[in-house]
Amino acid sequence: MLRLHDTAAGEVRPFEPREAGKVSMYVCGPTVYGPPHLGHGRFSLVFDVLRRYLEWSGIEVTYVSNITDIDDKIIERAESEGRDWREITQRCEDVWYRAMDAIGVKRPTFDPHATAYVDQMVELIARLVESGAAYETSDGVYFRPQRVADYGLLARQSIESLQSGARVEVHDEKETPIDFALWKKAKPGEPSWPSPWGDGRPGWHTECVVMSLDLLGEGFDLHGGGQDLCFPHHENERAQAVADGKVFARHWMHNGFVEVAGEKMSKSLGNFTNLLDLIERVDPRAYRVLCLQAHYRSPIDVNETTTAAAAALLARLDAVTRRTEGLGAGTDPASDVMDRFRARMDDDLNTGAAMAIVAETVTAINRALDIDDVASAEPLVAAFRSMLAAVGLEVHGAAPARSVDSAAAALCRQRDDARAAKEWARADSIRNELVALGYVVEDTPGGTKIRK
């Protein structure tokens, strides 16, 4: 059984969907006002891996990830650049999906946009005002967290602790420092929608409540996102649903930070890195490998050393893929390997340990093929391919064929003859000749293969 860390429970516990064979997931998506950074890439990959593993396990997954297309940051950029806010959001959404496609993240089942749900958000806020869980001020509508008995659950703090640590703004009309905006009354020239409290726009914390419940229903299985969203964003979502009498997410899951030189990546620290820049410099698949090598709740450091190491492992996986072309099809995967792999993945999605099993399997495949033991290699090859499919890691087989000069082709035939005669020293000598000519030499069940 799959076990995942539940932020609300503060521990790893069985992940038990509300309906057998189906999983409903909601993962907070981007605010489309700029290019995606490495943190966006990581959370997208973490939940993409979880989704793919569930689907690989035979489970039907409904995956929802929203697009925040109205927000203070969007308005600020539109004003500073003298452009329409809708132009900003459309262009940034296009960039987002271009980056997600590049790193192999599957498109969501649904990607609801905040602007399409404003009417439903107004209805929710009206109910909260009517029940006394929210109140109007001169600049908007605010939520009263004190109305939720366990407010602070996801932060693992009491409401008193959260209040004592909150910043108090000058001339603030809020009743307490931790009250948060549900509706922001519009200033002149800002995009706005009608509401009982005047024209304005919804606060960020409200959109995911109505979207998730509309598309997935009450008691949906999992709500996820980066660790930075745990509080206040996810806590404030949960509070609104509870105050509205709704059963919200059954399980909460958050991934760790991305670090640069040991510091959390953020714009304020000046170490913000554009995801597109990274995938233009290295194979985009290497970022998935880097994320897979760490536990999803641990921080990862993204630098030249770690990306180079991920790229080196990726090259090794590609190499064994080329070497094993034509092998493993129709063969049952090695059961001992698959049992170990599933045990690691079911243990709080321990992809680091799972990838170690993948690496061990590559070694075993190469060892078997080095002695021409194809029968032993085939179930290992089938297991190798199945494990990579489970984590969504695409590997590349043979590159497009390039012409090989007649001399090199003759050396390949001579080397195959030497290996068949078990003349290993001669076979090694011919390998060295081919390497000196600039070829990469690979031993495959079909004989010596070379490429540049």
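Residues numbered from 1 in each chain as written. Predicted model: local features only at pLDDT ≥ 70, side-chain atom pairs only at ≥ 80, totals over all residues. Heavy atoms only, no water.

> Can you walk me through helix H3 (residues 85-102) in this structure?
Residues spaced three or four apart along an α-helix point in a common direction, a consequence of the helix completing one turn every 3.6 residues. Here H3 spans 26 Å end to end across 18 residues, near enough to the 26 Å set by a 1.5 Å rise per residue. In the core, the buried residues of H3 are packed alongside helix H1 (38-56), helix H2 (72-81) and helix H8 (275-281). The N-terminus of H3 is capped by Asp84, whose side-chain oxygen sits 2.8 Å from the backbone nitrogen of Arg86. Gly104 lies just past H3 and shows a positive phi near 80°. (Helix = DSSP H or I, 4+ residues; strand = E, 2+ residues; numbered from the N terminus. Expected span 1.5 Å × (residues − 1). Contact = heavy atoms within 4.5 Å. Polar contact = N/O pair within 3.5 Å; in protein donor to acceptor, adjacent residues only side chain to side chain.)

> Where do I start with the domain arrangement of the chain in this structure?
Size of an interface, as often reported, equals the accessible area lost when the parts are brought together. Each assigned domain of the chain is listed with its residue range as follows: domain 1 (3-258), domain 2 (312-390) and domain 3 (406-451). Counting from both sides, the interface comprises eleven residues of domain 1 and, opposite them, twelve residues of domain 2. Interface of domain 1 and domain 2: buried area, both sides summed, is about 910 Å²; carbon and sulfur atoms make up 63% of it. Of all residues in domain 1, Arg3, Tyr53 and Trp56 bury the most surface against domain 2, accounting for 64% of the area lost on that side. Only strand S1 (3-6) and H1 provide two or more residues apiece to the side of domain 1 that touches domain 2. Here the side of domain 1 that touches domain 2 gets six residues from one element, more than from any other, and that element is H1. Partitioning the side of domain 1 that touches domain 2 into residue classes produces eight nonpolar, one polar and two charged. (Domains from an automatic or database assignment. Buried area = accessible area lost by both parts, 1.4 Å probe. Nonpolar A, V, L, I, M, F, W, Y, C, P; charged D, E, K, R; others polar.)

> Would you take a moment to explain unusual backbone geometry for this structure?
Excluding glycine, most residues fall at negative phi; most peptide bonds, likewise, are trans. Between Phe231 and Pro232 the backbone carries a cis peptide bond, its omega angle lying at 10°. Within the secondary structure layout, Pro232 lies in helix H7 (residues 230-243). Located in the positive-phi region is Arg156, a residue other than glycine, with phi close to 60°. Summarising the element assignment, Arg156 is placed in the loop between strand S6 (140-143) and helix H5 (159-165). Backbone geometry places Asp348, a non-glycine residue, at a positive phi of 55°. By the element assignment, Asp348 lies in the loop between helix H11 (335-346) and helix H12 (351-370).

> Honestly, the side chain of His254 in this entry has me stumped. Any pointers?
Assignment of secondary structure puts His254 in strand S10 (residues 252-255). There is a polar contact of 2.7 Å between the side chain of His254 and the side chain of Thr7. Of the polar contacts made by the side chain of His254, one reaches the side chain of His234; its length is 2.8 Å. What His254 contacts, discounting residues up to four positions off in sequence, is Thr7, Gly225, Gly226, Gln227, Cys230, His234, Tyr296 and Arg297.

> How do you make sense of the pattern of salt bridges when you look at a structure like this?
What the rule picks out here adds up to 31 salt bridges. Note that Asp72 is salt-bridged to Lys184, the shortest N-O span being 2.8 Å. One end of the pair, Asp72, is in helix H2; the other, Lys184, is in strand S7 (residues 180-185), and 112 residues separate them in sequence. Judged by relative accessible area, which is 27%, Lys184 ranks as partly exposed. Each member of the salt-bridge network shares a partner with another, and the members are Arg77, Glu81, Arg83, Glu87 and Arg91. (Salt bridge = Lys/Arg side-chain N within 4 Å of Asp/Glu carboxyl O. Buried < 20%, exposed > 50% of the residue type's maximum accessible area, 1.4 Å probe, protein only.)

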